[in-house]
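Descriptive analysis of the structure
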Amino acid sequence: MEDVKQIVSAINKGDIKPIYFLMGEEAYYIDKISDFIENNVLDESEKGFNQMVLYGRDVTIDEIESNAKRYPMMAERQVVIVKEAQDLSRTIEKLAQYAANPQPSTVLVLNYKYKKLDKRKALYKAIKKVGGVVFESKTMYENQVADWIRRVLAGQNYNISPKASQMLVEFLGTDLGKIDNELSKLKIVLPEGTQITPDHIEENIGISKDYNNFELRKAIGERNVVKAHRIAKYFGENPKDNPFVFTVYSLFSFFSQLLQLHGMTDRNPRSIASAIKVHPYFVTEYLDAAKNFPMKKVSYIIGVLREYDVKGKGVGANATPEGDLLKELLVKILG
């Protein structure tokens, strides 16, 4: 995120580079930077003749070079944006010759999603040598996304409770684009200054605040058998919204964190939060769960989860419904 701010800040100050090669697994920031350049480098009056958007599947490297070498019309510079440039991955290195001597009045932007340049090869070295930008957008780990949500909302004068942000992560995963879309929905209906709660998430996005993997983990950690089986029943009745394989993954992460916690001698809440990568708000729940599940039991459960992960993928389960698999799993965990 700091790299993105630096790129945007430099453009705002007029420090515009000849090439922006935007690559990596997380498409969200690639789109954000590309859209910012598209909307802000040229005035509206200049865009008609001097801004071009190409698509990797429709053009060749030679055509990109030809467009990039044009001179702007009645403007200081032109902008050439190549979206879905990863479709040119087999020939992308041919761009190295242009990158070594780019047209000074052209801003060439390449959106190279889900792939990366080989830093040992000529194109990467050429872009860096002429002062171009090579930006890599990396996928965030799950434990980083909740904090990203908080920071994004804080910058827009909203707050969010730890449980509400965790609900979004549990339901939407680490896809920042999807999360941003859902946050935009919330901002439409909620005034600035609002503290976003689980109720807001449930009412406006449709994620149940009571029946989700976060609540299932909490019920298991508390050894609340009735609540855990109630959630399992709901999951079994709504398998499309609550895939068994994802539930197993969520529980595996939880018990792996408990195993790590058992191995710690420093029980300071901040140390625990940092080590097992959770929000400090949830540390008490993990400490309570560790009391309910000794290390030996946790090790056994991790083995069980591995077994049921395979069953959930159809191996050795004899087409057992997901709801029944989850009930069996809970019996082994809580028994």
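Look up: the structure comes first, before these words.
Residues numbered from 1 in each chain as written. Predicted model: local features only at pLDDT ≥ 70, side-chain atom pairs only at ≥ 80, totals over all residues. Heavy atoms only, no water.

**Here we look at unusual backbone geometry**
For Asn157, which is not a glycine, the phi torsion comes out positive at approximately 65°. For Asn157, a relative accessible area of 45% gives the class partly exposed. In this structure, Lys277 is a non-glycine residue whose phi angle is positive, near 60°. (Buried < 20%, exposed > 50% of the residue type's maximum accessible area, 1.4 Å probe, protein only.)

**Quick word on helix H10 (residues 198-205)**
Buried within H10 are the following residues: Pro198, His200, Ile201 and Ile205. What you see down the axis of H10 is that its buried residues fit within an arc of 160°, all on one side. Against helix H8 (162-172), helix H9 (176-189) and strand S7 (195-196) lie the buried residues of H10. Backbone geometry just downstream of H10 places Gly206 in the positive-phi region, at approximately 95°. (Helix = DSSP H or I, 4+ residues; strand = E, 2+ residues; numbered from the N terminus. Arc of directions from axis to C-beta. Contact = heavy atoms within 4.5 Å.)

**What about the pairing of strand S4 (residues 106-113)?**
Of all eight residues in S4, eight are buried, a share of seventy percent or more. The sheet contact formed by strand S1 (residues 19-24) and S4 spans six bridges and is parallel. Opposite Ile19, over in S4, you have Leu108 as the bridge partner. Here strand S3 (residues 78-83) runs beside S4; their pairing, made up of five bridges, is parallel. Paired with Val80 across the two strands is Leu108, which belongs to S4. (Pairing = 2+ DSSP bridges.)

**Observations concerning helix H17 (residues 322-334)**
The end-to-end C-alpha separation of H17 is 18 Å, in line with the 18 Å expected for 13 residues at 1.5 Å each. For H17, the complete set of buried residues consists of Gly323, Leu325, Leu326, Leu329, Leu330, Ile333 and Leu334. The buried residues of H17 all sit within an arc of 155° when viewed along its axis, so they share a single face. (Expected span 1.5 Å × (residues − 1).)

**So, the nonpolar core**
One broad trend across soluble globular proteins is that nonpolar side chains are buried collectively. Counting residues in each nonpolar core, the largest one holds 43 residues, and the members touching the most others are Tyr20, Ile37, Trp148, Ile149, Leu168 and Ile201. The residues touching Trp148, leaving out its near neighbours within four places in the chain, are Met1, Tyr28, Tyr29, Met140, Leu176 and Ile179. Counting residues in each nonpolar core, the second largest holds 38 residues, with Ala273, Ile276, Ala290 and Tyr308 among its members. (Core = buried A, V, L, I, M, F, W, Y, C linked by side-chain atoms within 4.5 Å.)

**Description of the packing of H8 against helix H11 (residues 213-221)**
It is the contact of H8 with H11, at a shortest axis distance of 9 Å, that shows an interaxial angle of 115°. Classified by the angle between their axes, H8 and H11 sit roughly perpendicular to one another. Together, Lys163, Gln166 and Glu170 of H8 and Asn213, Phe214, Glu215 and Arg217 of H11 make up the contact between the two elements. When its residues are assigned to classes, the contact of H8 with H11 shows one nonpolar, two polar and four charged. (Axes fitted to C-alpha atoms, helices over the stretch in contact; angles between N-to-C directions. Parallel < 35°, antiparallel > 145°, perpendicular 65-115°, else oblique. Nonpolar A, V, L, I, M, F, W, Y, C, P; charged D, E, K, R; others polar.)

**Some thoughts on the pattern of salt bridges**
Applying the stated criterion to the full structure yields 23 salt bridges. Between Lys17 and Asp15 there is a salt bridge, with the nearest N and O atoms lying 3.2 Å from each other. A salt bridge links Lys209 to Asp199; the nearest nitrogen and oxygen atoms lie 3.4 Å apart. Remark: Asp199 occurs in helix H10 and Lys209 occurs in the loop between H10 and H11; sequence separation between them is ten residues. Accessibility expressed as a relative area gives 22% for Lys209, which makes it partly exposed. The structure contains a network of salt bridges with shared partners spanning Asp199, Glu202, Lys209 and Asp210. (Salt bridge = Lys/Arg side-chain N within 4 Å of Asp/Glu carboxyl O.)

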